[in-house]
Amino acid sequence: MQIDQDLYAALYVLGFNFLDGDRVSGEIAEIKGDMTIKLVHPRGEELKFVVTLPGREQMIFSVDRHQIVSLAERWQ
């Protein structure tokens, strides 16, 4: 997936590292700590945050690119 400049900048401000994910997984970026948060965009689906908690449990949230950009603008 090609990400636009605003989304790229927002992810950078939020501390995400960019991935060279394959087209199948759609992995775009991640941030690691006690848990891992990945932004993914599987082909034909919407953007999603996949949160992997300690113990390997996952929570998945659909997200709009504008929500990410808005969060980054408020963060600054």
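The structure we're discussing is the one just above.
Sequence order as written defines the numbering, with residues in each chain counted from 1. Residues qualify for local features only when their pLDDT is at least 70, as the model is predicted, and side-chain atom pairs are given and counted only at 80 or more; totals for whole chains, interfaces and linings, by contrast, use all residues. Based on all heavy atoms of the structure, the side-chain values leave hydrogens and waters out of the count.

*Asks:* In this structure, what is going on with the sheet that holds strand β1 (residues 17–18)? I would like to understand it.
*Replies:* Working definition: the strands of a sheet are paired by backbone hydrogen bonds and lie parallel or antiparallel to each other. DSSP-based pairing: two strands are paired if at least 2 bridges between them are found. Secondary structure elements follow DSSP: runs of H or I of four or more residues count as helices, runs of E of two or more count as strands, with numbering from the N terminus. Taken in spatial order, the five strands line up as β1-β2-β3-β4-β5 in an open sheet, and their pairing is antiparallel. Each edge of the open sheet is held by one strand with a lone partner, namely β1 and β5 (58–62). Direction of pairing for strand β3 (residues 36–40) relative to strand β4 (residues 48–52): antiparallel, over a ladder of five bridges. In the sheet register, Thr-36 faces β4, and the bridge partner there is Thr-52.

*Asks:* Would you mind going over a nonpolar patch on the surface with me for this structure?
*Replies:* A cluster of nonpolar residues, Tyr-8, Tyr-12 and Phe-18, forms a patch on the protein surface that exposes about 340 Å² of accessible area. With respect to the helices and strands, Phe-18 occurs in strand β1. Patch members must show over 30% relative accessible area and no salt bridge, and they are joined within 9 Å when carrying like charges or within 5 Å when they are nonpolar side chains of Val, Leu, Ile, Met, Phe, Trp or Tyr. Per-residue and other accessible areas follow the Shrake-Rupley method at a 1.4 Å probe size, with only the shown protein chains counted as cover for residues. Salt bridges are defined as contacts in which a side-chain nitrogen from Lys or Arg sits within 4 Å of a carboxyl oxygen from Asp or Glu.

*Asks:* Could you clarify how one ought to interpret the pairing of β5 in this entry?
*Replies:* Taken residue by residue, a regular strand's side chains alternate between the two faces of the sheet. Inspection of the sheet shows β4 paired to β5 by five bridges, in the antiparallel sense. In the strand pairing of β5, Phe-49 is matched with Phe-61. Between β4 and the antiparallel strand that follows it, β5, lie five residues; Gly-55 among them carries a positive phi value of about 95°.

*Asks:* What is the right way to read helix α2 (residues 65–75) from this model?
*Replies:* A simple rule labels every residue: compare its accessible area, found with a 1.4 Å probe on the protein chains alone, to the largest value its type can have, and call it buried under 20%, exposed over 50%, or partly exposed in between. Those residues of α2 that fall on the buried side of the exposure criterion are Arg-65, Ile-68, Val-69 and Ala-72. Angularly, the buried residues of α2 cover 95° about the axis, an arc narrow enough to put them on a single face. Exposed residues on α2 whose side chains face more than 90 degrees from its buried face are His-66 and Arg-74. Residue contacts follow a heavy-atom distance rule, with two residues in contact if any of their heavy atoms lie within 4.5 Å. Each element contacted by the buried residues of α2 is listed here: α1 (5–13), β3 and β4. Polar contacts here mean pairs of N or O atoms no more than 3.5 Å apart (in protein, one a potential hydrogen donor and the other a potential acceptor; neighbouring residues in sequence count only if both atoms are side-chain atoms). With a side-chain oxygen positioned 2.8 Å from the backbone nitrogen of His-66, the residue opening α2 is Asp-64. Working note: the arc is built from the helix axis to C-beta atom directions.

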